[in-house]
Amino acid sequence: MKYKRILLKLSGEALMGDKQYGIDIDRVAQYARDIKAVHDKGIEIAIVIGGGNIYRGLSAEKAGMDRVQADYMGMLATVINSMALQDALEKVGLKTRLLSAIKMEQICEPFVRRRAVRHLEKGRVVIFGAGTGNPYFTTDTGATLRATEIGADLLIKATKVNGVYDKDPMKFADAVKLENLTYDRALEDHIKVMDDTAIALAKDNKLPIAVTNMNEKGNLLRIVQGDYSKCSIVK
């Protein structure tokens, strides 16, 4: 395997499947099977999930809610999603641990970096909930931060398309896929791989980012085996 330890960033919207809101249990089960296929190869896996399928802080702020309050509500939504994925992973036979940046002792462990690393070393899939635990930071930034803290070799950003394009491929038929992209170009050209804070943090720590479509079966396994045909690499 090309990588020993990875962090997978899933958007909350990815968990909706074809629904308009909430969690599609069948889609989550598919993700669990794909994650297990990678784990069975001996790869250590950590996961960060967004909460946009349940609650989005920025949208609430635009509607008049206090931004800090809205962001904390979004963090709680990520924990709900994390619990759903944890259940699906355990149903396919994986041992998991859910670590939260906000203390919720009855349902998850508090985030402690050394504890997270130890869980990974023991072969457990570690899910990080509640983002960074701070308002004004996205789960993209939280994913990059956690990947850096645990010493991940690669951050995989799961989206709806197989890579990064010069414009939205859902809207423009002539959109061109960017197979390889530098951190600097992503920042300078405002190519929304992840938010700028996340990309800058990845650049500072030389953390490569792979962008792929998690809904296409086998893409996760292809990447950890060194096949980048169905993704874009930012480094």
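Rules used throughout
- Starting afresh in each chain, residues are numbered from 1 along the sequence in its written order.
- Only residues with pLDDT of at least 70 are given local features in this predicted model, and only at 80 or more are side-chain atom pairs given and counted; all residues enter the totals for whole chains, interfaces and linings.
- Only heavy atoms go into the side-chain values, all of them from the structure, while hydrogens and water stay out.
- A cavity here means a set of 1 Å grid points, computed over protein atoms only, where a 1.4 Å probe fits but cannot escape. A pocket is an open set with protein on both sides within 12 Å along at least 5 of 7 lines, and lining residues have an atom within 4 Å of a point.
- Grid points are joined across faces, edges and corners, and a volume is the space filled by probe spheres set on the points.
- Numbering of helices and strands runs from the N terminus, with a helix taken as a DSSP run of H or I at least four residues long and a strand as a DSSP run of E at least two residues long.
- In this classification, Asp, Glu, Lys and Arg are treated as charged, Ala, Val, Leu, Ile, Met, Phe, Trp, Tyr, Cys and Pro as nonpolar, and every other residue, Gly included, as polar.
- Strands were regarded as paired on the criterion that DSSP finds at least two bridges between them.
- The contact criterion used throughout is that any non-hydrogen atoms of two residues lie within 4.5 Å.
- The angle between two axes is taken between their N-to-C directions and runs from 0 to 180 degrees, where each axis is a line fitted to C-alpha atoms and a helix contributes only its stretch in contact.
- The term nonpolar core refers to a set of buried residues drawn from Ala, Val, Leu, Ile, Met, Phe, Trp, Tyr and Cys, joined through side-chain atoms within 4.5 Å.
- Residue burial is assigned from relative accessible area. The probe radius is 1.4 Å, only protein chains are included, and a residue is buried under 20% of its type maximum, exposed over 50%, and partly exposed in between.
- Any helix carries an expected span of 1.5 Å times its number of residues minus one.
- For this analysis, a polar contact is any N or O atom pair within 3.5 Å, provided that within protein one partner can donate a hydrogen and the other can accept it, and provided that sequence-adjacent residues contribute only side-chain to side-chain pairs.

S.K.: I'd like to hear about the layout of surface pockets, residue by residue, with values.
M.R.: In this model, the largest pocket occupies a volume close to 1200 Å³. Lining of the largest pocket is provided by 43 residues; of these, Lys9, Ser11, Arg56, Asp140 and Lys157 occupy positions nearest its centre. Taken together, the elements giving at least two residues each to the lining of the largest pocket come down to helix H2 (57-62), helix H3 (67-91), helix H5 (139-150), strand S6 (154-159) and strand S7 (164-165). With 5 residues, H3 is the largest single contributor of residues to the lining of the largest pocket. Split into classes, the residues belonging to the lining of the largest pocket amount to 16 nonpolar, 15 polar and 12 charged.

S.K.: Please set out the sheet that holds strand S1 (residues 5-10) residue by residue, giving values where relevant.
M.R.: Where strands meet in a sheet, backbone hydrogen bonds hold them as pairs that are either parallel or antiparallel. Taken together, 9 strands build an open sheet; the order of strands is S4-S3-S5-S2-S1-S6-S10-S11-S9 and the sheet is mixed. Strand pairing shows two members of the sheet lacking a second neighbour, strand S4 (109-110) and strand S9 (180-181), which therefore form its edges. Relative to the sheet, H3 contacts S1, strand S2 (44-49), strand S3 (96-100) and strand S5 (125-129), its axis offset from that of S5 by approximately 165°. Sheet strands in contact with H5 are S1, S2, S5 and S6, and its direction is about 170° off that of S1.

S.K.: Report on the nonpolar core, specifying residues and quantitative values.
M.R.: Of all hydrophobic cores here, the largest spans 39 residues; its most connected members are Ile6, Leu8, Leu10, Ile35, Ile47 and Leu89. Broken down by element, this core gets its largest block of residues, 6 residues, from H3. Not counting the four nearest positions on each side in its chain, Ile6 is found in contact with Val38, Ile43, Glu44, Ile45, Ala46, Ala152, Leu154, Ile156 and Val224. Counting residues in hydrophobic clusters, the runner-up holds 30 residues, among them Leu99, Ala143, Leu178 and Ile209.

S.K.: I'd like a rundown of the environment of Tyr165, residues and numbers included.
M.R.: Turning to its location among the elements, Tyr165 is positioned in strand S7. Judged by its relative accessible area of 23%, Tyr165 is partly exposed. The spacing of Tyr165 and Asn180 is 15 residues in sequence and 10 Å in space, taken between C-alpha atoms. Non-local contacts of Tyr165, meaning those with residues more than four positions away in its chain, are made with Ala175, Val176, Lys177, Leu178 and Ile191.

S.K.: How would you sum up helix H1 (residues 25-39)? Please name residues and give values.
M.R.: Side chains three or four residues apart in an α-helix point the same way, a direct result of the helix having 3.6 residues per turn. End to end, H1 covers 21 Å across 15 residues, agreeing with the expected 21 Å (1.5 Å per residue, within 8%). By the burial criterion, the buried members of H1 are Arg27, Val28, Gln30, Tyr31, Ala32, Asp34, Ile35, Val38 and His39. Those residues of H1 hidden inside the fold are in contact with S1, S2, H3, S5 and helix H8 (219-224). With a side-chain oxygen lying 3.0 Å from the backbone nitrogen of Asp26, the N-terminal cap of H1 falls on Asp24.

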